[in-house]
Amino acid sequence: MNMARRILIAVLALLLAPWAIAQGDPLVEALRKYQAGELEKARELIDLAVQAPDHATDPEAWLLRGFVYKDAYKSASTTTLADEFRDEAIVSLFSCMGLDSAGTYRDNAKQAYDFLTRSYFNDAAKALNEMDDVRAVHMFEQYEDATLKLNPDADLRLRKIEFKNALGTVFTKRFNMDRTNLEWFDRAVEAYKEVIAIDADNYGANYNLATLYYNRGVYNIQGINADDEIPTILQIQEVSREFFQEALPYMLKAHDMNPTRRETLLGLEGIYYSLQDQQSSDKFRELFEELPPEEDR
Amino acid sequence: MRYLRILLLTPFFLFATVPQQPRDAEKDTTAILQANYIYNIAKLVEWKDPAMRTGNFVIGVIGSANLYQELIKQYSTRTIGKQPIEVRKLPRTAEVESCHILFVGRADLALLPDIYKRMANKPTMVVTEYEGALDDGAVVNFVKVENLLKYEMSLSNAQKHGLVMGLTLKNLAHRVEE
């Protein structure tokens, strides 16, 4: 039993002592079951308790419900159940803090609430690692909602940048696996542009967006084969030119931010080369060749 | 004076801009486009010399390893008319063997004055990629126009090599020199 749980049980046991006389009070019974580690029974009882007129607006009841569901979340056998329990825990802890005008339970409730909020973000990151973008987006929305619910002025920009950059990378990987599915390309562009809208100087988003556009243009040209005739070649080039032109300002921006990065020098060399601007391409190739090895960071 | 432009350009190309690390062939968009253009051009040109209408259709490449690779990868199993395409990577020398199409890349422009002399009146179409190439004797020259790769051609040079350029080829060219 961890320290927070011990303290919580001790506090609640003390506060609920007068109620304990009343046989069959579901709140008291729920606490007993919780103390005994019988989470499932504790859940049933605490759900009954918060519906009872005596406890519906009782912050103690909502705090206990929050802890019961938080522990149920941690020991849930499936992800679906865990998600469900965590959502209930968040709602309960938030209710507790809303009803607790004296601030008696605020520290305990907030500590648990913050833990659960962080777990949404961690799960979003885990889902991205598993390429599960749907769950990742849902978890991140839950994280945002939970954070802003408690603190409407919270600054989530850094977290959003971190998440959207990683999300863009997942969409890019998906697009690279199936380049006929342009939905992934569009979603990757959207993710990176969201980052740039928040932070125009974000190196990763600028570089990744430029690379995404550039690769799309190259991929278009790579699709040329012996069955394509000259008019088709011209059309394909015109389409690719648009992607190369889209890529250029973002790669230039990334290069301006860090002029000694090999990846941006090569990126610009490639973009200009594909735009048939040999002189500019050569210029960046020379800058790349001149770079001493120790500058490769 | 005819080749002055090439001679002036040569040091620049040979020493200043040739990349030390070759470009990844898969991302060499110019090589991909040039290979397709060469294949399509070959289909739309008639070689008057009967000797050129039998055997393999030979495309020689000097320099431009990526163009050579692309031609091998995409077009070496194709035919021009009934002639199977044969792509040859030629050594960097002006002593070139006979072929239907000879491409000389920008890294080897210094060889061109001699190549033009050697190929004079022979049924070989010289294709290259520098400004003013048609004036020097090339039949087809790749040009960069508004960020696109296009080609220009010289009908008089074609005639000197016994080549009849098709109407479609003329219509699609960026510029046709009569």
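This text follows the structure it describes.
Below or above, wherever it landed, is the structure these notes cover.

We now examine the nonpolar core. Soluble globular proteins tend to bury their nonpolar side chains together. Among the nonpolar cores identified, the biggest contains 127 residues, and Ala30, Leu64, Ala124 and Ala247 of chain A together with Val126 and Val127 of chain B are the most heavily contacted of them. Beyond its immediate chain neighbours, meaning those up to four positions away, Ala30 of chain A contacts Ala42, Leu45, Ile46, Ala49, Leu64 and Val68 of chain A.

Once that is clear, we can look at unusual backbone geometry. Residues and elements named next belong to chain B. One non-glycine residue with positive phi stands out, namely Asn121, at about 65°. Here Glu146, not a glycine, exhibits a phi torsion of approximately 50°, which is positive. Mapped onto the elements of the fold, Glu146 is located in the loop between strand E7 (140-145) and strand E8 (148-154).

All names here are of chain B. In spatial order, the strands read E3-E4-E2-E5-E6-E7-E8-E10; together these eight strands make up an open sheet with mixed pairing. In the strand order of this sheet, the two ends are held by strand E3 (79-80) and strand E10 (175-177), each with one partner. Strand direction decides the pairing type here: E7 and E8, joined by six bridges, are antiparallel. By the bridge assignment, Asn141 is partnered in E8 with Glu152. Sheet contacts for helix H4 (residues 112-119): strand E5 (101-104) and strand E6 (125-128); angle to E6, the most-contacted strand, approximately 165°.

A few words now on H4 of chain B. Residue and element names in this part refer to chain B. By the burial criterion, the buried members of H4 are Leu112, Ile115, Tyr116 and Met119. Around the axis of H4, the buried residues are gathered within 100° of arc, so they sit on the same side. Downstream of H4 by one or two residues, Asn121 has phi in the positive range, about 65°.

What follows is about the interface of chain B and chain A. The partner chain A presents 23 residues to the 21 residues of chain B that form the contact. With eight residues, helix H2 (residues 29-43) of chain B is the largest single contributor of residues to the side of chain B that touches chain A. Here the side of chain B that touches chain A is composed, by residue class, of nine nonpolar, eight polar and four charged.

Between two packed helices, the angle of one axis relative to the other and the distance separating the axes together describe the packing. Interaxial distance between helix H12 (residues 230-257) of chain A and H2 of chain B falls to 10 Å at its minimum, and their mutual angle equals 160°. When the axes of H12 of chain A and H2 of chain B are compared, the pair comes out roughly antiparallel. For the element pair H12 of chain A and H2 of chain B, the recorded crossing hand is left-handed. On H2 of chain B, the residues touching Ile230, Ile233 and Gln237 of chain A of H12 of chain A are Leu33, Asn36, Tyr37 and Asn40 of chain B. Considering only residue class, the contact of H12 of chain A with H2 of chain B consists of four nonpolar, three polar and no charged.

Rules used throughout
- Residues numbered from 1 in each chain as written.
- Chains lettered and ligands numbered in written order.
- Predicted model: local features only at pLDDT ≥ 70, side-chain atom pairs only at ≥ 80, totals over all residues.
- Core = buried A, V, L, I, M, F, W, Y, C linked by C-beta atoms within 7 Å.
- Buried ≥ 20, exposed ≤ 12 C-beta atoms within 10 Å, placed from the backbone.
- Contact = placed C-beta atoms within 7 Å.
- Helix = DSSP H or I, 4+ residues; strand = E, 2+ residues; numbered from the N terminus.
- Pairing = 2+ DSSP bridges.
- Axes fitted to C-alpha atoms, helices over the stretch in contact; angles between N-to-C directions.
- Arc of directions from axis to C-beta.
- Nonpolar A, V, L, I, M, F, W, Y, C, P; charged D, E, K, R; others polar.
- Parallel < 35°, antiparallel > 145°, perpendicular 65-115°, else oblique.
- Left-handed = near helix turned anticlockwise from the far one by under 90°.

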